[in-house]
Amino acid sequence: MHTLSNFINTNDPYVTPVPDKRLALTGSSLLTENITSAVTEITVESDEYFKNIKPSTLHAVQIGEEIIRFREVTSVRPYKLLDCQRGAYGTKALAHEKGTAVGMMMDYPYNTLFTDFSLQQEIAGNLGRFFTETGVSQMDFDGHEGCLSSGEGDYGMQAFAEKVFKDTGHTLVNGTSRSSHYYWHICHYWNWGEPWYGGFRESQGDFRLENQPFLERNYMPNMLGWFLLSSTTTSEDIEWMMARAAGYHAGFALVARYKNLQKNPNTAQLLTLIKLWQEAYKKKIFSADQLARLKNPENDFHLEQNNQGWQLYPFKKFKFEHAKQVLQPGQPTFSEWQLVNSNEEQPLNFTLTFMGKEGVIRNLWIELDGYFKLELPGEYEAGNSIVCNGTTIKIYNSKGGFKKEMALKQVIPTLKPGKHTIKFDCEFPDDNELTNRFIIKTISSPEIIQSK
């Protein structure tokens, strides 16, 4: 079971058709005159809790058994709530008397409302009863910080979790998005790190890894957070995640929706890799040196198993940068780099990222060893990446999300053993400072690991 703790949807019976008197308010004022059910401008004694409207998603106030939405409050007396939408969220538009409280409702950008302490604890009891009656035995207190709406600080958060736990008639395995001292002895894991912002590496990547020592210091199991398996997730993404899981011996949550599993042509391979890596780190086959390298997010690996045992393939990365240069007319502006492939012949695997806040780069080209030129015409926005695995070229946005695959007019040559020369150039915008980060990745000979 997954819940956003005490977040309340606007179609919930606690809201409609009669709003509960215990919904959380940021503060309130008083009506300065009687109003009918049709009035669209409502005069209040003070503007204090209505003027800072920017953080509010719903712009909602509660007057008795009616919820009203408004555009803004006037900045001078008499203070008026303007463009009022009466009877919001299925409540009934009513007449109200002078002196009645007008409460600014506390909300969240998920279009949800919050609770005071009494209602919060009632919801906790509802959850405990639900788990007891159904036998559900695992949940996450996501949005746990919403319990701060009770006005009781950390106590409000811990009291909510404790009541759910105590009101459940069996063991309730649970995790949380937040925690502090008291909840520590109830919680089984903290698995926070959201997948919605980008690819596996980009979506709160630093936070996920920085959290691991914190979990270890608090005697909690290592958890990497949530990851999203999309229709474009690659084996490189999965092995990057699984290498970190192996290095920290960490769990994780994988969001794998059926449609994405159907659309991704590599689903069978991805699930096989997850199973293979999990088997490897559960058997504790990796040495201390390997575990240290697996923890480093800059390191990439590939894992296989055959009759000889486990084979861990490290990748070597060659990093280069190309920036705008001001040169004399006619002088070439391309960058030239050298690298040595000390491994076997393999596909040319590179990532090109356009570093900068804004602007576009145009008409790129890459030349290998003075004979093969790969031209990539068109415009590319700051933050975008071009990824080549030797056979395909794909474009990703600044958050790691897949945009499109580019059609190739020529076969990309392999990277043979030995020394290579790479040239690169592009057209820069006149007024933006952008840098191109170019990374070539080669796979090394395997490290053979015998099963323990």
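Position numbers for residues count from 1 along each chain, tracking the sequence in the order it is written. Totals for whole chains, interfaces and linings use all residues, but because this is a predicted model, local features are given only for residues with pLDDT of at least 70 and pairs of side-chain atoms are given and counted only at 80 or more. Only hydrogens and water are removed before side-chain values are computed, so all heavy atoms of the structure are retained for them.

The subject of this paragraph is the overall build of the protein. Each helix corresponds to a stretch of at least 4 residues labelled H or I by DSSP, and each strand to a stretch of at least 2 residues labelled E; elements are numbered beginning at the N terminus. When its secondary structure is counted, the protein shows seven helices and 29 strands. In terms of C-alpha radius of gyration, the protein reaches 29 Å, well past the compact-globule figure of 22 Å for 452 residues. Seen through its C-alpha atoms, the protein measures out along the principal axes to roughly 85 × 65 × 40 Å. Classification of residues uses two cut-offs on accessible area relative to the type maximum, computed with a 1.4 Å probe and protein chains only: under 20% is buried, over 50% is exposed, and between them is partly exposed. For the protein, with 452 residues in total, the buried portion stands at 47%. Using C-alpha atoms as the atom set, the radius of gyration is obtained and then compared with a globule rule of 2.2 Å times the number of residues to the power 0.38.

Our focus in this paragraph is the side chain of Asp425. By the secondary structure assignment, Asp425 is in strand β27 (residues 418–427). It turns out Asp425 is buried and unbridged, and the closest side chain with the opposite charge, Lys373, is 8.3 Å from it. Look past the residues within four positions of Asp425 in its chain and what remains in contact with it is His322, Thr333, Phe334, Asn363, Leu364 and Trp365. Lys and Arg are tallied as positive, Asp and Glu as negative. Neither His nor the chain termini are counted. By salt bridge we mean one thing: a side-chain nitrogen of Lys or Arg within 4 Å of a carboxyl oxygen of Asp or Glu. Two residues form a contact once any of their heavy atoms are found within 4.5 Å.

Note that soluble globular proteins tend to have their nonpolar side chains buried in a common cluster. Residues belong to a common nonpolar core when they are buried Ala, Val, Leu, Ile, Met, Phe, Trp, Tyr or Cys residues joined through side-chain atoms within 4.5 Å. Judged by nonpolar contacts, the single largest core of 31 residues is most densely connected at Phe350, Leu364, Ile386, Phe438 and Ile440. If near-sequence neighbours (up to four positions away) are discounted, Phe438 is found in contact with Phe318, Lys319, Phe320, Trp337, Phe350, Thr351, Leu352, Ile366 and Ile422. Counting 30 residues, the second largest nonpolar core, distinct from the first, contains Ala245, Leu273, Phe301 and Leu312.

The next thing to look at is unusual backbone geometry. The step from Thr16 to Pro17 runs through a cis peptide bond, and the omega angle for that step is 5°. Following the sequence through the fold, Pro17 ends up in the loop between β2 (8–9) and β3 (25–30). A cis amide bond, omega -10°, links Arg77 with the succeeding residue Pro78. Along the chain, the position of Pro78 falls in the loop between β6 (66–69) and β7 (79–81). Of note in the backbone geometry, His59 takes a positive phi value of approximately 50° without being a glycine. Among the residues examined, His59 registers a relative accessible area of 21% and is labelled partly exposed.

Next up on the list: helix α4 (residues 235–248). Structurally, the α-helix is built with 3.6 residues per turn, so residues lying three or four positions apart point the same way. One less than the residue count of a helix, multiplied by 1.5 Å, gives the span that helix is expected to have. Along its 14 residues, α4 runs 20 Å from first to last C-alpha, staying within 8% of the 20 Å computed at 1.5 Å per residue. For α4, a buried count of twelve out of 14 residues is recorded, marking the element as mostly surrounded by other parts of the structure. When α4 is considered as a whole, its buried residues turn out to be Ser235, Ile238, Glu239, Trp240, Met241, Met242, Ala243, Arg244, Ala245, Ala246, Gly247 and Tyr248. In the core, the buried residues of α4 are packed alongside α3 (205–217), β14 (223–229), β15 (251–256), α6 (267–282), α7 (288–295) and β16 (301–306). Backbone geometry just after α4 places His249 at a positive phi near 50°.

So, on to the packing of aromatic side chains. Each aromatic ring pair is summarised here by two numbers: the centre-to-centre distance and the angle between the ring planes. Aromatic rings from Phe, Tyr and Trp, with only the six-membered ring used for Trp, were paired whenever their centres fell within 6.5 Å, and each pair was classed as stacked if the ring planes differed by under 30 degrees, edge-to-face if by over 60, and tilted otherwise. One pass over the full model with this rule turns up 22 aromatic pairs. Taking the centre distance of 5.0 Å and the plane angle of 85° together, the rings of Trp192 and Phe207 count as edge-to-face. Remark: Phe207 occurs in helix α3 and Trp192 occurs in the loop between β13 (189–190) and α3; sequence separation between them is 15 residues. A residue is classified by how much of its surface remains accessible, and Trp192, at 28% relative accessible area, is partly exposed. Among the aromatic side chains, those forming a connected cluster through ring pairs are Phe320, Trp337, Phe350, Phe424 and Phe438. A ring is considered to have a charge above it if a Lys NZ or an Arg CZ atom is located within 6 Å of its centre and within 35 degrees of its normal. Directly above the ring of Phe227 sits Arg208, whose terminal nitrogen or CZ lies 4.0 Å from the centroid. The lysine or arginine in question, Lys373, covers the ring of Trp365, its NZ or CZ lying 4.4 Å from the ring centre.

Here we come to the packing of α4 against α6. Any two packed helices are characterised by how steeply their axes cross, that is the angle between the axes, and by the distance between the axes. An axis is simply a line fitted to the C-alpha atoms; with a helix, the fit covers only the stretch in contact. Between two such axes, the angle follows the N-to-C directions and lies from 0 to 180 degrees. Axis separation between α4 and α6 bottoms out at 10 Å; the angle between their running directions is 15°. In terms of their interaxial angle, α4 and α6 are classed as roughly parallel. The hand of the α4/α6 crossing is right-handed. Contacts between α4 and α6 involve Ser235, Ile238, Glu239, Met242, Ala243, Ala245 and Ala246 on the former and, on the latter, Gln269, Leu270, Leu273, Ile274, Trp277, Gln278 and Tyr281. Only Asp, Glu, Lys and Arg are considered charged, only Ala, Val, Leu, Ile, Met, Phe, Trp, Tyr, Cys and Pro nonpolar, and every remaining residue, Gly among them, polar. A class-by-class count of the residues in the contact of α4 with α6 yields ten nonpolar, three polar and one charged. Between 65 and 115 degrees an angle is taken as roughly perpendicular, under 35 as roughly parallel, over 145 as roughly antiparallel, and anywhere else as oblique. Note on convention: near helix rotated counterclockwise from far helix by under a right angle means a left-handed crossing. Clockwise means right-handed.

Largest kink in α3: about 25°, centred on Asn211, with the proline Pro213 one to four residues after it. The inward-facing, buried residues of α3 abut β13, β14, α4 and α7. Tyr219 lies just past α3 and shows a positive phi near 60°. A residue's bend is given by the angle between axes fitted to the 7 residues ending at it and the 7 residues starting at it.

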